[in-house]
Amino acid sequence: MQQPGPDGGARTVSYRAAGVVLLVAHLLFVGWYALRPLDVPWVSAPNTTPFATVRADLALGFPGAVRPLSAGLGLLAPLGVLLPLAGGRVAVSAFASLCRSTLAGGVLAMLLEIAQTGVPGQRVDIDSVLLAIVGTAAAHLLVVPAARRRARNRRGTPSEVSPPLRPGEENPEFSPGCPGGVSQGSTPRIPRVGTAP
């Protein structure tokens, strides 16, 4: 996330760079994991009925259902965090950010499912798309709002905020003769060049 402060520009670039690198690494892993050919004796029929696979997994009970459901939820879940990190913006609508991340997770999951139609041993399953959407949204909600709130709070640290004015004091940044009442600072001077009379 973008970190405001005296060195906010450098921090923004470093956080964005880290987000982009991690995002690319994650996408490469997802592509390898989802599109690698599997040497299996048989492949079940494609599932186009929503939640059919989820119900079948839940019917296996607690130990048996954890692995397939957690794999479906977790495969694209990091996108919910890595996409906002790569964007590096703090002041953004929480709802819009959630929608963008979730939509990106759903689109990528759908593209992977379409690509799997030509990969030996892989099975197309609409529930993989649904689980990816839920996983991406959950990861986003668990991490991104708190991280952005923390980044915004850093902007208000005591070292970066001017102390309150006492009664009778004037704001040094306020100048009634300037446009808008705000002083633009002293006139810049170039060495060995005087000002006009």
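Residues numbered from 1 in each chain as written. Predicted model: local features only at pLDDT ≥ 70, side-chain atom pairs only at ≥ 80, totals over all residues. Heavy atoms only, no water.

**With respect to the overall build of the chain**
Argument step 1. Helix and strand content of the chain: 6 helices and 0 strands.
Argument step 2. Counting from the amino terminus, the chain carries its helices and strands in the arrangement α-α-α-α-α-α.
Argument step 3. Relative to its 197 residues, the chain shows a buried fraction of 27%.
Argument step 4. Considering only residue pairs separated by 6 or more positions, the chain has 75% of its internal contacts joining residues 24 or more positions apart.
Argument step 5. Approximately 13000 Å² of the chain is accessible, and the part contributed by carbon and sulfur atoms is 67%. (Helix = DSSP H or I, 4+ residues; strand = E, 2+ residues; numbered from the N terminus. Buried < 20%, exposed > 50% of the residue type's maximum accessible area, 1.4 Å probe, protein only. Contact = heavy atoms within 4.5 Å. Areas by Shrake-Rupley, 256 points an atom, 1.4 Å probe, with all protein chains shown as cover.)

**Things to note about helix α4 (residues 79–87)**
Argument step 1. Along α4, the residues classified as buried are Leu79, Gly80, Leu82, Pro84, Leu85 and Ala86.
Argument step 2. Downstream of α4 by one or two residues, Gly88 has phi in the positive range, about 70°.

**Some points on the side chain of Gln116**
Argument step 1. By the element assignment, Gln116 lies in the loop between α5 (94–115) and α6 (126–155).
Argument step 2. The exposure class of Gln116 is buried, given its relative accessible area of 7%.
Argument step 3. In this view, Gln116 contacts Ala34, Leu35, Gln122, Arg123 and Val124; residues no more than four positions away in its chain are not counted.

**Regarding the nonpolar core**
Argument step 1. One finds Leu23, Val30, Ala34, Leu76, Leu79, Leu82, Leu85, Ala86, Ala109, Leu112, Val129 and Ala132 forming the largest nonpolar core, which totals 12 residues.
Argument step 2. Where this core is concerned, the elements lending two or more residues are α1 (8–35), α4, α5 and α6.
Argument step 3. Counting residues per element, this core draws most heavily on α4, which supplies 4 residues.
Argument step 4. Aside from chain neighbours lying at most four places away, what touches Val129 is Gly106, Ala109, Met110 and Glu113. (Core = buried A, V, L, I, M, F, W, Y, C linked by side-chain atoms within 4.5 Å.)

**Topic: the packing of aromatic side chains**
Pairs of aromatic rings are described using the distance from one ring centre to the other and the angle between the two planes.
Argument step 1. This structure, assessed with the given rule, holds 3 aromatic pairs.
Argument step 2. Measuring from centroid to centroid gives 5.9 Å for Phe29 and Trp32, while their planes differ by 40°, and the two rings are tilted. In this pair, Phe29 and Trp32 both sit in helix α1, 3 residues apart, roughly one turn of the helix.
Argument step 3. Phe29 gets classed as partly exposed once you look at its relative accessible area, which sits at 42%.
Argument step 4. Taken together, the ring pairs connect Phe29, Trp32 and Tyr33 into an aromatic cluster.
Argument step 5. A cation sits over an aromatic face here: Arg36 above Tyr33, 4.6 Å from the ring centre. (Phe/Tyr/Trp six-rings, centres within 6.5 Å; stacked < 30°, edge-to-face > 60°. Lys NZ or Arg CZ within 6 Å of the ring centre and 35° of its normal.)

**Some words on the environment of Val119**
Argument step 1. Within the secondary structure layout, Val119 lies in the loop between α5 and α6.
Argument step 2. Spatially, the C-alpha atoms of Val119 and Pro37 are 5.7 Å apart, while their sequence positions differ by 82 residues.

**Topic: a nonpolar patch on the surface**
Argument step 1. A cluster of nonpolar side chains, namely Leu103, Val107, Met110, Leu111 and Ile114, defines an oily patch on the protein surface of about 480 Å² accessible area.
Argument step 2. The topology assignment puts Leu111 in helix α5.
Argument step 3. Residue Leu111 is classed as exposed on the basis of its relative accessible area of 51%. (Patch = residues over 30% accessible without salt bridge, like charges linked within 9 Å, V, L, I, M, F, W, Y side chains within 5 Å. Salt bridge = Lys/Arg side-chain N within 4 Å of Asp/Glu carboxyl O.)

**Structural notes on the packing of helix α2 (residues 52–59) against helix α3 (residues 62–74)**
Argument step 1. Two elements in contact, α2 and α3, have axes whose closest approach is 7 Å; the angle formed by their N-to-C orientations is 150°. Viewed along their axes, α2 and α3 adopt a mutual orientation that is roughly antiparallel. Contacts between α2 and α3 involve Val54, Asp57 and Leu58 from the former and Ala65, Pro68 and Leu69 from the latter.
Argument step 2. Here the contact of α2 with α3 is built from residues that sort into 5 nonpolar, no polar and 1 charged. (Axes fitted to C-alpha atoms, helices over the stretch in contact; angles between N-to-C directions. Parallel < 35°, antiparallel > 145°, perpendicular 65-115°, else oblique. Nonpolar A, V, L, I, M, F, W, Y, C, P; charged D, E, K, R; others polar.)

**Re the packing of α4 against α5**
For any two helices packed against each other, the geometry comes down to the angle between their axes and how far apart the axes lie.
Argument step 1. Between α4 and α5, whose axes approach to 9 Å, the crossing angle comes to 120°. Between α4 and α5, the angle is such that the two are oblique. Between α4 and α5 lies a crossing whose hand is right-handed. Contacts between α4 and α5 involve Leu79, Gly80, Leu83 and Pro84 on the former and, on the latter, Ser97, Ser101, Ala104, Gly105 and Leu108. (Left-handed = near helix turned anticlockwise from the far one by under 90°.)

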